Amino acid sequence: MRLGELGRTALAGLVAILVITGCSGSAGKVEGPSTATATGMKTDLVVGQYPGADSAPLFIAIDRGFFKEMGLSVKTEAIQAPQAVLGKLSNGTMDIVLGSYATILTIQEAGTEKFKYIADSYQGAAGAFGIMVRKDSPIKQVSDLKGKKIGVNALAGLGVLTMNPHLEAAGLDPEQDVQYVEVPTTNWLSALDKGDVDAVWMTDPYVSMAKKELGATMLLDTMSAPTDGLPISGWAATEKWVANNPKTLEAFQKAMGMAQNVAATDRSAVTKILPTYTKLPADTATTISLGDYPTSLSAERIQRVADLMLDAGMLKQKIDANSMIYSSPQG
């Protein structure tokens, strides 16, 4: 809602994804030891994830036994956005969550919960994020969106953030000339097909599914020009959880680091895992446009998102992204 200066840097992560069952196949299984007594750390984790390409490294880590190797048992839960599971994160029934950088920054400023970023996940790339319209739509250029409804998975997230600069470039006022409508990721295709909205901001694999199933077309690639290569989403935990579970956090980071490296260097590993936790057919998975998978967590990249949000009025004051990066007690 995977915005904007925007040279092509990484964001492992904002908003997120759609018609997916969330936790099928390897996604739903719990692996590894079930107690923390032997290691002195929490070993059973519940991790919130988007059913989209952002989460591929998580499922790679499960499938290849990286978590088990680190002594962790991971159960996943598909979510719409971190706001929907703040209660679980606050009371400890969910340990770690994937969130668009825009969403987590919004929550951070509001003070509803305080987070630390613990790992990067996903960064924007051409063709993977955009405004989709029906094949018979009269909307042919961005300026035609004036007076139209645009579906997004969150009203204060990556979609809105990445669309606004492009709307302004086309002479539109995002606050006055278009109406953003919150549409759950899993309803993106149906909302567009039924005409509940005039356009929908989507991420792949939904972009590819909309093209294949509906004949939809991409009106605008929102990871271009001012938003090129924007960081999208990353893994976060509450400050309280991070303080209470340093050993668990270290184990999670190591497992995810291995998986992130696989995703970054082997596209086939991503396209192979996607159908196991989404409804994306295997043949479609091999052709989708993927973003990038950064292998390091960079405050500089996240700062780009925060500064763009400040410029867009989505944040009221400047946030120092470096203050939200987890640093181990050892430095």
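Residues numbered from 1 in each chain as written. Predicted model: local features only at pLDDT ≥ 70, side-chain atom pairs only at ≥ 80, totals over all residues. Heavy atoms only, no water.

This part is about the pairing of strand β3 (residues 96-100). In terms of burial, β3 is largely enclosed, as five of its five residues are buried. Of the two faces of β3, the one carrying Ile-96, Leu-98 and Ser-100 and the one carrying Val-97 and Gly-99 are both buried. Strand direction decides the pairing type here: strand β1 (residues 44-49) and β3, joined by two bridges, are parallel. Bridging from a neighbouring strand, Gly-48 pairs with Val-97 of β3. Looking at chain direction, β3 and strand β10 (residues 231-238) are connected through four bridges and run antiparallel. Bridged to Gly-99 within β10 is Gly-234. (Buried < 20%, exposed > 50% of the residue type's maximum accessible area, 1.4 Å probe, protein only. Helix = DSSP H or I, 4+ residues; strand = E, 2+ residues; numbered from the N terminus. Pairing = 2+ DSSP bridges.)

The pairing of strands in a sheet comes from backbone hydrogen bonds and takes either a parallel or an antiparallel form. If you walk across this open sheet you meet the five strands as β7-β6-β8-β5-β9, and the pairing is mixed. The open sheet has two free edges, formed respectively by β7 (179-182) and β9 (217-221), since each of these has just one partner strand. Averaged over all pairs of adjacent strands, the angle between strand axes in this sheet comes to 35°, irrespective of strand direction. The pairing of strand β6 (residues 149-152) with β7 spans four bridges and is classified as parallel. Within β7, the position partnered with Ile-150 by the bridge is Tyr-180. In the packing of helix α7 (residues 206-214) onto the sheet, contacts are made with β5 (129-133), β8 (199-203) and β9, and the angle to β8 comes to roughly 125°. (Axes fitted to C-alpha atoms, helices over the stretch in contact; angles between N-to-C directions. Contact = heavy atoms within 4.5 Å.)

Right, let's talk about the nonpolar core for a bit. With 108 residues, the main nonpolar core has Phe-67, Leu-145, Met-202, Trp-235 and Phe-252 as its most contacted residues. For this core, the element with the most residues is helix α9 (residues 246-265), which contributes eight residues. Apart from the residues lying within four places of it in its own chain, the contact partners of Leu-145 are Ile-131, Ile-139, Ile-150, Leu-167, Leu-172, Asp-177, Val-178, Ala-199 and Leu-219. (Core = buried A, V, L, I, M, F, W, Y, C linked by side-chain atoms within 4.5 Å.)

With their axes 8 Å apart at the nearest point, helix α1 (residues 56-63) and α9 run at an angle of 110° to one another. Considered as vectors, α1 and α9 are oriented roughly perpendicular to each other. The crossing of α1 and α9 is right-handed. Taken together, the residues of α9 that come into contact with α1 (itself represented by Pro-57, Leu-58, Ile-60 and Ala-61) are Ala-255, Met-256, Ala-259, Gln-260, Val-262 and Ala-263. A breakdown of the residues in the contact of α1 with α9 according to their chemical character gives nine nonpolar, one polar and no charged. (Parallel < 35°, antiparallel > 145°, perpendicular 65-115°, else oblique. Left-handed = near helix turned anticlockwise from the far one by under 90°. Nonpolar A, V, L, I, M, F, W, Y, C, P; charged D, E, K, R; others polar.)

Moving on, we get to the confidence of the model for the protein chain. Put simply, the protein chain has an average pLDDT of 85, and 87% of its residues get 70 or more. Scored below 50 in pLDDT, residues 1-38 makes 218 contacts in the model with residues more than four places away or belonging to other chains. (pLDDT = per-residue confidence, 0-100.)

This paragraph deals with the sheet that holds β3. Overall, mixed pairing links the five strands, which are arranged β2-β1-β3-β10-β4 in an open sheet. The open sheet has two edge strands, β2 (73-78) and β4 (115-123), and neither has a second partner. Between one strand and the next, the sheet's axes are offset by a mean angle of 25°, whatever the strand orientation. Relative to the sheet, helix α4 (residues 101-110) contacts β3, β4 and β10, its axis offset from that of β4 by approximately 160°.

Moving on to α1. Among the eight residues in α1, seven count as buried, and that is most of the element. Against the buried residues of α1 lie β1, α2 (66-69), β2, β10, α9 and α10 (267-277). Trailing α1 by a residue or two, Gly-65 shows a phi angle of about 75°, which is positive.

In this structure, the largest pocket occupies an estimated 180 Å³ of space. For the largest pocket, the full set of lining residues is Ile-118, Ala-119, Asp-120, Gln-253, Met-256, Gly-257, Gln-260, Pro-294, Thr-295, Ser-296 and Leu-297. For the lining of the largest pocket, the secondary-structure elements that each account for two or more residues are β4 and α9. Ranked by the residues each element gives to the lining of the largest pocket, the list is headed by α9, at four residues. (1 Å grid on protein atoms, 1.4 Å probe; cavity = no way out; pocket = protein on both sides within 12 Å on 5 of 7 lines; lining within 4 Å. Points joined across faces, edges and corners; volume = space filled by probe spheres on them.)

All right, on to the pairing of β5 then. For β5, a buried count of five out of five residues is recorded, marking the element as mostly surrounded by other parts of the structure. Bridge count between β5 and β8: four bridges; the pairing is antiparallel. Within the sheet, the bridge partner assigned to Phe-129 lies in β8 and is Thr-203. Across four bridges, the pairing between β5 and β9 is antiparallel. Looking across to β9, one finds that Met-132 is bridged to Met-218.

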